[in-house]
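Geometric and topological summary
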Amino acid sequence: DGGITQSPKYLFRKEGQNVTLSCEQNLNHDAMYWYRQDPGQGLRLIYYSQIVNDFQKGDIAEGYSVSREKKESFPLTVTSAQKNPTAFYLCASRTWSGDGTEAFFGQGTRLTVV
Amino acid sequence: GDSVTQMEGPVTLSEEAFLTINCTYTATGYPSLFWYVQYPGEGLQLLLKATKADDKGSNKGFEATYRKETTSFHLEKGSVQVSDSAVYFCALMSGGSNYKLTFGKGTLLTVNP
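The following paragraphs examine the structure supplied in this document.

Time to look at the overall build of chain B. If you tally the helices and strands in chain B, you get zero helices and 12 strands. Beginning at the N terminus, the succession of helices and strands in chain B can be written as β-β-β-β-β-β-β-β-β-β-β-β. C-alpha atoms of chain B, sized along the principal axes, occupy 45 × 30 × 20 Å. Across chain B, contacts joining residues at least 24 apart in sequence account for 56% of those joining residues at least 6 apart. Looking at chain B as shown, the accessible area adds up to about 5,200 Å², and 48% of this sits on carbon and sulfur atoms. Across chain B, the centroid of the 9 positively charged side chains sits 8 Å from that of the 11 negatively charged ones.

Moving on, we come to the interface of chain A and chain B. Taken residue by residue, the interface counts 25 residues in chain A and 20 residues in chain B. Summing the contributions of chain A and of chain B, the shared interface buries around 1,800 Å²; its carbon and sulfur component is 54%. Among the residues of chain A in contact with chain B, A:Leu43, A:Thr101 and A:Phe105 are the three that bury the most area, contributing 23% of the side total. Counting across the interface, chain A meets chain B through one salt bridge. Between A:Glu102 and B:Lys49 there is a salt bridge; the shortest N-O distance is 2.8 Å. One can count five residue pairs in polar contact (both at pLDDT 80 or more) joining chain A with chain B. Sorting the residues of the side of chain A that touches chain B by element identifies β4 (31-37), β5 (43-51), β9 (87-97) and β10 (100-105) of chain A as the ones contributing at least two each. Grouping the amino acids of the side of chain A that touches chain B by side-chain chemistry returns 10 nonpolar, 11 polar and four charged.

On to the state of the cysteines. All names here are of chain A. Under the criterion given, the structure shown has two disulfides over all chains. Note on cysteine connectivity: Cys23 is disulfide-linked to Cys91, with sulfurs 1.9 Å apart. As the torsion about the S-S bond is roughly -75 degrees, the Cys23-Cys91 disulfide counts as left-handed. Placement of the pair is Cys23 in strand β3 (residues 19-25) and Cys91 in strand β9, with a sequence separation of 68 residues.

Residues and elements named next belong to chain A. Alternating residues of β3 divide into Val19, Leu21, Cys23 and Gln25, all buried, and Thr20, Ser22 and Glu24, none buried. Alignment of strand β1 (residues 4-7) against β3, held across four bridges, turns out to be antiparallel. In the sheet register, Gln6 faces β3, and the bridge partner there is Cys23.

Okay, the nonpolar core next. Core analysis: the biggest nonpolar cluster contains 25 residues, and B:Trp35, B:Leu48, B:Phe73, B:Leu75 and B:Tyr88 have the highest contact counts within it. Per element, the largest residue contribution to this core is four residues, and it comes from strand β10 (residues 86-93) of chain B. Apart from residues lying up to four places away in sequence, B:Phe73 is in contact with B:Cys23, B:Leu33, B:Phe34, B:Trp35, B:Leu48, B:Lys49, B:Ala50, B:Ala64, B:Thr65, B:Tyr66 and B:Cys90. Among the nonpolar cores identified, the runner-up in size contains 20 residues, and A:Val78, A:Ala87, A:Tyr89 and A:Cys91 belong to it.

A few words on the pairing of strand β7 (residues 56-59) of chain B. Residues and elements named next belong to chain B. In this sheet, strand β8 (residues 62-65) lies alongside β7 in antiparallel orientation, the contact comprising four bridges. Looking across to β8, one finds that Ser58 is bridged to Glu63. Remark: two residues form the turn of the hairpin made by β7 and β8, two consecutive strands paired antiparallel; Lys60 in that turn has positive phi of roughly 55 degrees.

Turning our eyes to something else, we now look at the pattern of salt bridges. Taken as a whole and assessed by the stated rule, the structure comprises seven salt bridges over all chains. Members of the salt-bridge network, linked through shared partners, are A:Arg36, A:Asp38 and A:Arg44.

Our next topic: the sheet that holds strand β3 (residues 19-21) of chain B. Residue and element names in this part refer to chain B. The four strands lie next to each other as β3-β9-β8-β7, forming an open sheet whose pairing is antiparallel. A strand with exactly one partner marks an edge of an open sheet, and here the two such strands are β3 and β7. Strand-to-strand twist in this sheet, taken as the mean axis angle between neighbours without regard to direction, amounts to 15 degrees. Looking at chain direction, β8 and strand β9 (residues 75-77) are connected through three bridges and run antiparallel. Its bridge partner lying in β9, Glu63 is registered against Glu76.

Quick notes on the rules
Just so you know, the residues in each chain are numbered from 1, in the order the chain's sequence is written. Each chain is given a letter, starting from A, and each ligand a number, starting from 1, according to the order in which they appear as written. In view of the model being predicted, local features appear only for residues whose pLDDT reaches at least 70, and side-chain atom pairs are presented and counted only at 80 or more, with totals across whole chains, interfaces and linings using the full set of residues. Processing note: side-chain calculations cover all non-hydrogen atoms of the structure and skip hydrogens and water entirely. Put simply, DSSP marks the helices as runs of H or I at least four residues long and the strands as runs of E at least two long, and each gets a number from the N terminus on. The contact criterion used is simple: two residues touch if any of their non-hydrogen atoms lie within 4.5 Å. In short, Shrake-Rupley with a 1.4 Å probe defines the accessible areas, and a residue's cover is counted only from the protein chains shown. In this tally Asp and Glu are treated as negative and Lys and Arg as positive; neither His nor the chain ends contributes. A single reference atom marks each charge: NZ on Lys, CZ on Arg, CG on Asp, CD on Glu. A quick way to say it: buried area is the sum, across both parts, of accessible area lost when two parts are put together, with a 1.4 Å probe. Each salt bridge in this description consists of a side-chain nitrogen of Lys or Arg and a carboxyl oxygen of Asp or Glu lying within 4 Å of one another. Pairs of N or O atoms are called polar contacts if they sit within 3.5 Å, as long as, within protein, a hydrogen donor faces a hydrogen acceptor (for residues adjacent in sequence, only side-chain-to-side-chain pairs). Ten residue types, Ala, Val, Leu, Ile, Met, Phe, Trp, Tyr, Cys and Pro, are classed as nonpolar, four, Asp, Glu, Lys and Arg, as charged, and the remainder, Gly among them, as polar. Throughout, disulfides are identified as pairs of cysteine sulfur atoms within 2.5 Å of each other. Burial classes follow relative accessibility: with a 1.4 Å probe on protein chains only, a residue under 20% of its type's maximum area counts as buried, one over 50% as exposed, and anything between as partly exposed. Here, a strand pair is defined by DSSP locating no fewer than two bridges between the strands. Nonpolar core, defined: a set of buried Ala, Val, Leu, Ile, Met, Phe, Trp, Tyr and Cys residues in which side-chain atoms within 4.5 Å join the residues together. Whenever a helix is involved, its axis is fitted only over the stretch in contact; in every case the axis is a line through C-alpha atoms, and angles between N-to-C directions fall within 0 to 180 degrees.

Here's what the structure looks like:
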């Protein structure tokens, strides 16, 4: 089955530790995105990548880093510089179809920092 | 920059009631418009989309029409079911914003039997 796989589903880390969230897609999509979701705030864009070896900051990139070494993979590292990292993180990829563009989402990773 | 404003919730309805969730947008160029649905603890699923003015997106009894003159994309369903209980997000994507997907804050819908 084609899709986007995020792992793990739940992640617990101690304050001050870096943590990496995995996102893999087998849809052959060029573009990939990371969003953060907090209650009452909708989804906010952290980083996005339109093509391998290239990525851009989104609206809330501070305290996060990414890499895009392979088309299928777009891991997100939450660093100790991120002041409030506890949140639900969503990865997405985008395709072009005959009637336009659309984005597909993974099932999310819930990160809790204690 | 691009922005999406959607009706704040929560919205609570009885089964078989009519649903409207309002969504308006600001965007550069000619965006594509989307409604996504999120069930508890899950990611987002595309519900419907429209790519140009006057297009109507529809799926599972939900509908939304791309209104360029009012910059709106309101979600409607004639008869909701308990299984429709979820959070609904309006979103847009435009070339002017480098194809970033911009979301509204979401509307929680609860349907009671």
